[in-house]
Every structure is written in C-alpha cells, then in structure tokens.
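# Secondary and tertiary structure notes
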Amino acid sequence: MGAVAIPVNRGGIGIAMQYAGNSDFNESQVAIAYGKNLGKVNVGVQFNYNMMRVAGYGNDAAIGFEVASQWRISSALITGIHIVNPVGGRFKNQPGEKLAAVYQFGAGYEVSNQLFVSAELTKEENRPVNVQAGLQYMPVPDRLFIRTGVTTANTSPYAGIGWQWKNCRADVNVRYHPQLGLSPGVLLLFFGKQKEEP
C-alpha cells in the first residue's frame, strides 16, 4: 500500500493505492480523498475504485465511497465515525455482488502525554460486531512508540514499535491470527514541515 497527502487550506487531498493477493487471485484499489479541519470537528470523504482478478474468470470492478468525521470532545478525548459503502458498490460484471457496507465508531483518550488508550466498534455487513482495543505508550515522548491491543472477531492480538526522527517515522508491527499465524508489517512515513495554526 502507498499513499500521498497534500495539505490544502486547513485540509488535505490524498491519493492511495493498495494491492493484495497473487497471480491466481488479487484485489487492488485506487482512492482519492479530501479532508477538512473545521476546528474541533474534522470531516472527510473518499472515493474508491476497487478491482478484483480471479484466474480463469477474468477481472471485475466496483466503485465505492467512504465518509468519516472526528470530534475532539475535550483536550484528552477524541471520538469519530467511519462509514464505508452504505449504498451501491456493485460490481460491473456481477451486479448481484457488492462491496460490503462497514460502520465504525471509535474513541481515544490521552491519559497523559505518554499514554493513549483507544477502543473501536466495527460492524461489517453479514458479520458479527468486532471490538478492537489498544494502547500506545511513548517512553521517549514524540520519538519512541510502543503499542499493543487485541481484536475480538478472531481473538487476534497485535504489538508494534515505532521511531520518529525529524520528518520520518518507521513502525514495525506483528499480529497473531489463530489460523494464519504471525503476520508482520512495516509502515514508513515521510512528512513535510508542519505549519503553525494562526
């Protein structure tokens, strides 16, 4: 997965691409997004072009969208919602198939400038509710990040560690799945100089 975001007038425009699978079966997505800071409320919308390829059956595609909003309730408490494909999202060649609708609500609480705890409820179409809870601790503020948590849908724990230096951040994480075993991941972020708010 790769993404680029460009700040625009108290908001930003983003482009993202992702790919998963192999030559027999793969899924990919190209997305364009826009977000706006409205003070204590942030809003965003994203449009997705989803592609799927199955060996022997050919390719198919569907267009979907997402909307999200985040609210800063207090200096320490943030909540938000994220809605994915509430309507539409049907595939071109198989109109009976559609992208799943997903509804998410989450909250995060900054216990201190070094400890952040969060919880998220996710309801995906035709699946039971999933709860994800986690915490992030910064033993070296704004430099070293350590996080851990669990997902209830498959009792899948995860852990990660990250380091930020100047305008770069690198994170390494690992998740354990009861059937799939360990899944490692790496995140690399590069960002420009942050502008001071007026």
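Residues numbered from 1 in each chain as written. Predicted model: local features only at pLDDT ≥ 70, side-chain atom pairs only at ≥ 80, totals over all residues. Heavy atoms only, no water.

In the nomenclature of an unreviewed UniProt entry, the protein chain is known as Outer membrane protein beta-barrel domain-containing protein of Niastella populi.

## Side note on a nonpolar patch on the surface
We apply this condition: For patches, a residue must show more than 30% relative accessible area and have no salt bridge; joins then use 9 Å for like charges and 5 Å for nonpolar side chains, namely Val, Leu, Ile, Met, Phe, Trp and Tyr. Using a 1.4 Å probe, the Shrake-Rupley method yields the accessible areas, and only the shown protein chains count as cover for residues. Throughout this description, the term salt bridge denotes a Lys or Arg side-chain nitrogen within 4 Å of a carboxyl oxygen of Asp or Glu. To qualify as a helix, a DSSP run of H or I must reach at least 4 residues; to qualify as a strand, a run of E must reach at least 2; elements of each kind are numbered from the N terminus.
Residues Val 4, Ile 6, Val 8, Ile 13, Ile 15, Ile 32, Tyr 34 and Phe 47 make up a contiguous nonpolar surface patch of roughly 730 Å² in combined accessible area. Residue assignment for the nonpolar patch shows that the elements contributing at least two residues are strand E1 (2-7), strand E2 (11-21) and strand E3 (25-37).

## Quick look at unusual backbone geometry
Spelled out, the test is: The buried label goes to any residue with under 20% of its type's maximum accessible area, the exposed label to any with over 50%, and the partly exposed label to all in between, with areas taken from a 1.4 Å probe on protein chains only.
Of note, the phi angle at Asn 126 is positive, near 65°, even though the residue is not glycine. In this structure, Thr 155 is a non-glycine residue whose phi angle is positive, near 45°. Looking at the secondary structure, you find Thr 155 in the loop between strand E10 (144-151) and strand E11 (156-165). The exposure class of Thr 155 is exposed, given its relative accessible area of 55%.

## Things to note about the environment of Ala 76
Position of Ala 76 among the secondary structure elements: in the loop between strand E5 (58-72) and strand E6 (77-84). Given a relative accessible area of 16%, Ala 76 falls into the buried group. Along the backbone, Ala 76 and Val 111 are 35 residues apart, and their C-alpha atoms lie at a distance of 7.2 Å.

## Concerning the domain arrangement of the protein chain
Often, the extent of an interface is quoted as the loss of accessible area on bringing the components together. Under the convention used in this document: The split of the chain into domains comes from an automatic or database domain assignment. Between two residues, a contact is recorded if the distance between any of their heavy atoms is within 4.5 Å. The term buried area means the drop in 1.4 Å probe accessible area that two parts suffer when joined, counted for both and summed. N or O atoms closer than or at 3.5 Å make up a polar contact, with two conditions inside protein: a donor-capable atom paired with an acceptor-capable one, and, for residues adjacent in sequence, both atoms drawn from side chains. As a working rule, the residues Ala, Val, Leu, Ile, Met, Phe, Trp, Tyr, Cys and Pro are called nonpolar, Asp, Glu, Lys and Arg charged, and the rest polar, with Gly in that last group.
With domains assigned, the protein chain is organised as domain 1 (1-127) and domain 2 (133-197). Relative placement of domain 1 and domain 2: their C-alpha centres are 18 Å apart. At the interface, eight residues of domain 1 touch nine residues of domain 2. Buried surface at the junction of domain 1 and domain 2, both sides included, amounts to about 690 Å², of which 42% is carbon and sulfur. Considering only the side of domain 1, the residues that lose the most area to domain 2 are Gln 114, Phe 116 and Ser 118, jointly responsible for 58% of the buried surface there. Applying the counting rule to domain 1 against domain 2 returns zero salt bridges. Here domain 1 and domain 2 share four residue pairs in polar contact (both at pLDDT 80 or more) between them. Here the residues of the side of domain 1 that touches domain 2 are counted per class, giving four nonpolar, three polar and one charged.

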